[in-house]
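Descriptive structure summary
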Amino acid sequence: MEVILFIKSAFLPGVILFMKQSIPIVIRPAVDNIADRNFIVSLLGELFELEQDFQPDAPKQAIAVKMFLRHPYAKIFIAESNRQPVGFCIVSMQISTAEGGWSGEIEDLAVSPQFRRHGVAQALLRAAENWSYDNGALRMRLNCDEQNLAARELYKKLGWQKSHLFIMFHHQ
């Protein structure tokens, strides 16, 4: 039996999650320092290896991570186990014309391979959802590579619904 316990504290920044392996996972806001930035950029490299439309480019990803860390309408959450980072989620607020208000958008969600399928992605996603709704989001959205079946199953399991609004195009 898997027991998941979320504890929110006004005194501790983050959410503590105890998982079935009794490994404590702490979800905390990322800090604009070299350690957090390097971890996020490294894991982004692994994520972009899986995606069809993107290529790892550490200097570009480092610039984007700094921008998210410094943007007032964005937040990066890091999952830690035994004080070591094991995953992250980047979320930002966008204006939705359909809703006439704010929408939380998941930019990236990634977990180190050895910590996948242990609730880390779920905890990160929930932290991003909570932050978005606490900041006025009326809905959430995310994009997922169509071939990333594991991620698609996770989102479905967590109550996210596939949108039929668009096919993604890009222009450079």
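Please read all numbers here as calculations on a predicted model, not as lab measurements.

Here is what the cut-offs are and how they apply
- Residues numbered from 1 in each chain as written.
- Predicted model: local features only at pLDDT ≥ 70, side-chain atom pairs only at ≥ 80, totals over all residues.
- Heavy atoms only, no water.
- Axes fitted to C-alpha atoms, helices over the stretch in contact; angles between N-to-C directions.
- Helix = DSSP H or I, 4+ residues; strand = E, 2+ residues; numbered from the N terminus.
- Parallel < 35°, antiparallel > 145°, perpendicular 65-115°, else oblique.
- Left-handed = near helix turned anticlockwise from the far one by under 90°.
- Contact = heavy atoms within 4.5 Å.
- Nonpolar A, V, L, I, M, F, W, Y, C, P; charged D, E, K, R; others polar.
- Phe/Tyr/Trp six-rings, centres within 6.5 Å; stacked < 30°, edge-to-face > 60°.
- Buried < 20%, exposed > 50% of the residue type's maximum accessible area, 1.4 Å probe, protein only.
- pLDDT = per-residue confidence, 0-100.
- Expected span 1.5 Å × (residues − 1).
- Arc of directions from axis to C-beta.
- Salt bridge = Lys/Arg side-chain N within 4 Å of Asp/Glu carboxyl O.

1. Quick look at the packing of helix 1 (residues 34-50) against helix 2 (residues 58-70)
The interhelical angle for the contact between helix 1 and helix 2, taken along N-to-C directions, is 125°, at an axis separation of 9 Å. When the interaxial angle is binned, helix 1 and helix 2 end up oblique. The crossing of helix 1 and helix 2 is right-handed. Residue-level contacts link Arg 37, Ile 40, Val 41, Leu 44 and Phe 48 of helix 1 to Ala 58, Gln 61, Ala 62, Val 65, Lys 66 and Leu 69 of helix 2. The residue inventory of the contact of helix 1 with helix 2, partitioned by class, reads eight nonpolar, one polar and two charged.

2. Side note on the packing of aromatic side chains
By the definition in use, this model includes three aromatic pairs. When the ring of Phe 48 is compared with that of Phe 54, the centres are 5.5 Å apart and the planes differ by 35°; the resulting orientation is tilted. We classify Phe 48 as buried; its relative accessible area is 10%. Ring centres of Tyr 73 and Trp 102 lie 5.2 Å apart, and the angle between their planes is 25°; this geometry places the pair in the stacked category. Linking Tyr 73 in the loop between helix 2 and strand 4 (74-81) with Trp 102 in strand 6 (residues 101-111), this pair joins segments that are 29 residues apart in sequence. Here Trp 102 falls in the partly exposed class, since its relative accessible area comes to 28%.

3. With respect to the confidence of the model for the protein
On average, residues of the protein score 84 in pLDDT, and 82% of them are at 70 or above. Across residues 1-7 the pLDDT falls below 50, and counting only partners more than four positions away or on other chains, this stretch makes 18 contacts in the model. Counting interchain partners and residues more than four positions distant, the pLDDT-below-50 stretch residues 18-22 has 16 contacts.

4. Quick word on the environment of Leu 138
With respect to the helices and strands, the residue Leu 138 is situated in strand 7 (residues 137-142). Classification of Leu 138 by relative accessible area gives partly exposed; the value is 47%. When the C-alpha atoms of Leu 138 and Gly 104 are compared, they prove to be 7.9 Å apart, with 34 residues separating the residues in sequence. Beyond its immediate sequence surroundings of up to four residues, Leu 138 is in contact with Glu 99, Gly 100, Gly 101, Trp 102 and Tyr 133.

5. Overview of helix 3 (residues 120-134)
Residue pairs spaced three or four apart in an α-helix point in one direction, given the helix's 3.6 residues per turn. For helix 3, spanning 15 residues, the distance from its first C-alpha to its last is 21 Å, which sits close to the expected 21 Å at 1.5 Å a residue. Counting buried residues along helix 3, 11 of its 15 residues qualify, which places the element largely inside the surrounding structure. Taken residue by residue, helix 3 has Val 120, Ala 121, Gln 122, Ala 123, Leu 124, Leu 125, Ala 127, Ala 128, Glu 129, Trp 131 and Ser 132 as its buried positions. Immediately downstream of helix 3, the backbone of Gly 136 shows phi near 100°, a positive value.

6. Structural notes on helix 4 (residues 149-157)
Along helix 4, the positions that sit buried rather than exposed are Ala 151, Leu 154 and Tyr 155. Mapping the buried residues of helix 4 onto a view down its axis gives an arc of 95°, with all of them on the same face. Turned more than 90 degrees away from the buried face of helix 4, the exposed residues are Leu 149, Glu 153, Lys 156 and Lys 157. Where helix 4 is buried, its residues touch strand 6, helix 3 and strand 7. Phi turns positive, to about 95°, at Gly 159, one or two residues after helix 4.

7. Focus: the pattern of salt bridges
Scanning the model with the defined rule gives seven salt bridges in all. Asp 57 is the partner of Lys 60 in a salt bridge, and the nearest nitrogen-oxygen pair spans 4.0 Å. Between Arg 126 and Glu 129 there is a salt bridge, with the nearest N and O atoms lying 2.8 Å from each other. One end of the pair is Arg 126 and the other is Glu 129, both in helix 3 and three residues apart, which spans about a single turn. Look at Arg 126 and you get partly exposed, because its relative accessible area is 23%. Through salt bridges with shared partners, one network takes in Arg 28, Asp 36 and Glu 80.

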